[in-house]
Amino acid sequence: MAISSFLVPLGTPAPDFTLPATDGTPVSPGDFADAPALLVVFLSNHCPYVRRVENALGALTAEYAAKGLATIGIGSNDVQNYPDDSPSNLAQQAERAGFAFPYLYDESQDVARAYRAACTPDFFLYGADRKLAYRGEFDGARPSNDVPADGASLRAALDLVLADRPVPEPHNPSLGCGIKWRPDPLED
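Cut-offs used in this document
- All residue numbers refer to position in the chain's written sequence, counted from 1.
- Selection of residues for local features in this predicted model requires a pLDDT of at least 70, selection of side-chain atom pairs for listing and counting requires 80 or more, and totals for whole chains, interfaces and linings are taken over all residues.
- Water and hydrogen atoms play no part in the side-chain values, which are based on all heavy atoms of the structure.
- The secondary structure listing takes helices from DSSP runs of H or I that are at least 4 residues long and strands from runs of E that are at least 2 residues long, numbered from the N terminus.
- Think of it in three bands: residues with accessible area under 20% of the maximum for their type are buried, residues over 50% are exposed, and the middle band is partly exposed, with areas taken using a 1.4 Å probe on protein chains only.
- Note on contacts: a residue pair qualifies if any of its non-hydrogen atoms lie within 4.5 Å across the two residues.
- For this analysis, a nonpolar core means a set of buried residues of the types Ala, Val, Leu, Ile, Met, Phe, Trp, Tyr and Cys, connected via side-chain atoms within 4.5 Å.
- One side-chain nitrogen of Lys or Arg within 4 Å of one carboxyl oxygen of Asp or Glu is enough to make a salt bridge.
- Pairing between strands is defined by DSSP: at least two bridges between them are needed.
- Inter-axis angles, ranging from 0 to 180 degrees, are taken between N-to-C directions of lines fitted to C-alpha atoms, where helices are fitted over the stretch in contact.

Novice: Tell me about the environment of alanine 112, and name the residues and values.
Specialist: On the secondary structure map, alanine 112 appears in helix H3 (residues 110-115). According to the relative accessible area criterion, alanine 112 is buried, its value standing at 0%. Taking the C-alpha atoms as reference points, alanine 112 and glycine 75, separated by 37 residues in sequence, lie 8.7 Å from one another. Aside from chain neighbours lying at most four places away, what touches alanine 112 is Phe42, Ser76, Asp106, Ala117, Ile179 and Trp181.

Novice: I'd like a description of the nonpolar core, backed by residues and values.
Specialist: Burial of nonpolar side chains together is a common tendency in soluble globular proteins. Within the largest apolar cluster, 32 residues are counted, with the highest numbers of intra-cluster contacts made by Leu43, Phe99, Leu125, Phe138 and Leu154. Secondary-structure elements contributing two or more residues to this core are strand E4 (37-43), helix H1 (48-65), helix H2 (87-97), strand E8 (122-126), strand E9 (132-136) and helix H4 (152-162). Among the elements that take part in this core, H1 stands out by supplying 7 residues, more than any other. Residue contacts for leucine 43: discarding those within four places in its chain leaves Val50, Leu57, Gly73, Ile74, Gly75, Ser76, Phe99, Phe101, Tyr103, Thr120 and Pro121. In this structure, Val40, Val111, Ala112 and Tyr115 belong to the second largest nonpolar core, which totals 21 residues.

Novice: A description of the pattern of salt bridges should follow, citing residues and the corresponding values.
Specialist: Pairs can form between side chains of opposite charge once their charged atoms are near each other. Per the stated rule, a full pass over the model turns up 6 salt bridges. Two residues, glutamate 54 and arginine 96, come together in a salt bridge whose shortest N-O distance is 2.8 Å. Within this pair, whereas glutamate 54 is found in helix H1, its partner arginine 96 is found in helix H2, the two being separated by 42 residues in sequence. Here glutamate 54 falls in the buried class, since its relative accessible area comes to 4%. Accessibility expressed as a relative area gives 37% for arginine 96, which makes it partly exposed. Between glutamate 63 and arginine 155 there is a salt bridge; the shortest N-O distance is 2.9 Å. Here glutamate 63, found in helix H1, pairs with arginine 155, found in helix H4; they are 92 residues apart in sequence, far enough to count as distant.

Novice: Residue-level account of the sheet that holds strand E5 (residues 69-75), with values.
Specialist: Strand order in the open sheet formed by 5 strands is E6-E5-E4-E8-E9, with mixed pairing between adjacent strands. Strands at the two margins of the open sheet, each flanked by one partner only, are strand E6 (103-105) and E9. Each strand axis lies, on average, 20° off the axis of its neighbour in the sheet, ignoring direction. Direction of pairing for E5 relative to E6: parallel, over a ladder of 3 bridges.

Spelled out as structure tokens, the structure:
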């Protein structure tokens with residue numbers, strides 16, 4: 001079942017964290033403090049919504065890295081029940097999709113909660129001040145349609161943020177697979 005992203009209020013500061021990349025290297029948003037824009041995107045290896053756009057995402061983030069964009073990918077799914085989203089499988093996805101950005105593993109799911117991530121993919125774009133400037137869809141491509149996966153919505157937002165201009169609302173929410181939350185041990 002498809003889930004829409006929450007429309008977190010614009011201007012919300014980027015939550016800080018440190019998570020291991022798929023190679024074990026710790027990564028934090030502060031590692032990219034000099035970047036004029038930071039994209040934090042919650043992803044999944046098995047989700048058809050992510051699979052539909054992953055190659056275009058790899059290409060778009062590489063293109064915009066040359067313009068100063070820093071990107072961090074995060075996998076937060078419960079790997080006990082969804083082993084395709086384990087760090088080793090995320091590393092394979094990064095290679096397959098051409099992700100040149102660090103892809104992190106959020107085992108505790110605390111970072112997904114801090115960002116109020118709801119689905120994969122879920123995009124959070126911050127300006128130089130690290131306040132939320134855009135949250136929404138990559139583009140209109142979905143597994144059930146023929147819309148080109150070109151990142152049109154995110155690209156328009158990136159151009160504005162990198163020009164230090166606001167991204168006018170409305171922002172279309174992202175749509176994808178719900179994050180696979182671990183069972184709450186208190187509910188057992």
